[in-house]
Amino acid sequence: MKPEIRPVLGIALFISLVFILSGCSFRRIKRTKNIVYATSTSTTSPQQLNIFAPRKYKKLNDVIVFIHGGNWNSGRKEQYNIIGKNWAKKGVVYVIIDYPLSPAANYRDMAIASAKSVKWVKDSIRHYGGNPERIFVSGHSAGGHLASLISLDNKYFKDLGSENPIAGTILIDAGGLDMYGYLMDEKISKDDTYFKTFTGDPENWKDASPLHHLHKKMPPMVIYQGGKTYPSIVKSTARFVKALDEFAPETPFHLQKSKKHVPMITQYLNPWNRRYKKIIGFMKEVK
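Residues numbered from 1 in each chain as written. Predicted model: local features only at pLDDT ≥ 70, side-chain atom pairs only at ≥ 80, totals over all residues. Heavy atoms only, no water.

S.K.: Any chance you could explain the pairing of strand β6 (residues 166-174) here in plain terms?
M.R.: Consecutive side chains of a regular strand alternate in pointing toward one face of the sheet and then the other. Judged by how many residues are buried, β6 sits mostly within the fold: 9 of 9 residues are covered. Note that strand β5 (residues 130-141) and β6 share 7 bridges and pair parallel. Bridge pairing in β6 links H140 to I172. Relative to strand β7 (residues 221-226), β6 runs parallel, the two being bridged by 4 bridges. The residue bridging L171 from the neighbouring strand is I223, located in β7. (Buried < 20%, exposed > 50% of the residue type's maximum accessible area, 1.4 Å probe, protein only. Helix = DSSP H or I, 4+ residues; strand = E, 2+ residues; numbered from the N terminus. Pairing = 2+ DSSP bridges.)

S.K.: Looking at this structure, I do not really get the nonpolar core. What am I missing?
M.R.: When a protein is soluble and globular, its nonpolar side chains tend to lie buried together. Membership of the largest hydrophobic core comes to 52 residues, with the highest contact counts inside it found for I51, V65, V95, Y99, F198 and F240. Examining the composition of this core, we find that 8 residues originate from one element, helix α3 (residues 107-124), more than from any other. Beyond its immediate chain neighbours, meaning those up to four positions away, V65 contacts V95, I97, S117, V118, V121, I135, F136, V137 and S138. I83, Y94, I265 and Y268 belong to the second largest nonpolar core, which has 26 residues in total. (Core = buried A, V, L, I, M, F, W, Y, C linked by side-chain atoms within 4.5 Å. Contact = heavy atoms within 4.5 Å.)

S.K.: When you look at the environment of Y194 in this model, what are you seeing that I'm missing?
M.R.: Within the element layout of this structure, Y194 appears in helix α7 (residues 193-198). As for Y194 and M179, which are separated by 15 residues in sequence, their C-alpha atoms are 9.7 Å apart.

S.K.: Is there a simple way to think about empty space enclosed by the protein in this case?
M.R.: Take a probe with the size of a water molecule and roll it over the atoms, and the empty space left behind shows itself. Counted under the stated rule, the structure contains 1 cavity of 30 Å³ or more. I64, I83, W87, Y94, S138, I170, I172, I265, Y268 and I279 are the residues that line the largest cavity. Looking at the lining of the largest cavity, the elements that each hand over two or more residues are α2 (81-89) and β6. Residue classes in the lining of the largest cavity are distributed as 9 nonpolar, 1 polar and no charged. (1 Å grid on protein atoms, 1.4 Å probe; cavity = no way out; pocket = protein on both sides within 12 Å on 5 of 7 lines; lining within 4 Å. Points joined across faces, edges and corners; volume = space filled by probe spheres on them. Nonpolar A, V, L, I, M, F, W, Y, C, P; charged D, E, K, R; others polar.)

S.K.: What exactly am I supposed to notice about the confidence of the model for the chain here?
M.R.: Interpreting fine coordinate detail is not advised for predicted regions of low pLDDT. Confidence in the prediction for the chain averages 92 pLDDT; 91% of positions are at 70 or higher. Confidence, expressed as mean pLDDT per element, reaches its minimum in the chain at helix α1 (residues 5-25) with 48 and its maximum at strand β3 (residues 61-67) with 99. Counting interchain partners and residues more than four positions distant, the pLDDT-below-50 stretch residues 1-12 has 2 contacts. (pLDDT = per-residue confidence, 0-100.)

S.K.: I keep staring at the layout of surface pockets and nothing clicks. Help me out?
M.R.: Approximately 480 Å³ is the volume attributed to the largest pocket. Elements supplying a minimum of two residues to the lining of the largest pocket: β5, α6 (179-186), α9 (231-247) and α10 (263-266). The biggest single contributor to the lining of the largest pocket is α9, with 3 residues. Looking at side-chain class alone, the lining of the largest pocket contains 12 nonpolar, 13 polar and 1 charged residues. Of the pockets and cavities examined, the second largest pocket occupies roughly 230 Å³. Per element, the largest residue contribution to the lining of the second largest pocket is 3 residues, and it comes from helix α11 (residues 274-285). The residue makeup of the lining of the second largest pocket, split by class, is 4 nonpolar, 3 polar and 4 charged.

S.K.: Mind showing me how you'd approach α6 here?
M.R.: An α-helical segment advances 3.6 residues per turn. Residues three or four places apart therefore align on the same side. By the burial criterion, the buried members of α6 are M179, G181 and L183. One or two residues past the end of α6 sits K187, with phi positive at roughly 50 degrees.

Written as structure tokens, this is what we have:
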């Protein structure tokens, strides 16, 4: 066998094994798809979510609401079904949401939808074996921005007539933690996709920036960043982590030195990835 063929065959065998085990483990979990959590508005279509939950349980399980990435203008919940299955197999009720995308929607529309999804989970997740008092939000890239924004800015839940129900926040190579700083540096044009998402008003950029909503009663948070991610994420995360010193200096920050931006989320396709255990450990520490 030629040496260069072995790695390719190894990857193929690994993927095959994952899918074989996925088929077996689907019998141990319950999948509920395309639940409408927000009806249509004048600018957005109905928004849906998928739930992956352990089929059998003795007590209500912790819940993660995951918000996908995609530069605020792309992505869909179905891309993360295998990850949802992996979490359910580990005893977590995993909820994957869609949300309105740019250019039809701006950041505020997206954050409102994300908050509505969490409120729906708060009201309904008990029926799926989830603990409504143990709701964590997580997101990758643009989804990390939205997860942190609704965790920190309580107005999104107040406008829904609810207290913020988020028990903790899990950020995976989050983008946009300091959109104000980024957009001030970039000086975007009206044709830029970020102009459509965040408008041209610097006050909106501040309002959209999780960094500008930090407070001492914020939910516990854990931050994961790729060591080879985009420079804009490195810069905004560094500003965010520095600002946390005033409000929540105990917030854990983990740098995965070898990881680029996309592999920071695709690593969870591997059900044996060590990050699962780390995140579950973080969740257990949240009281």
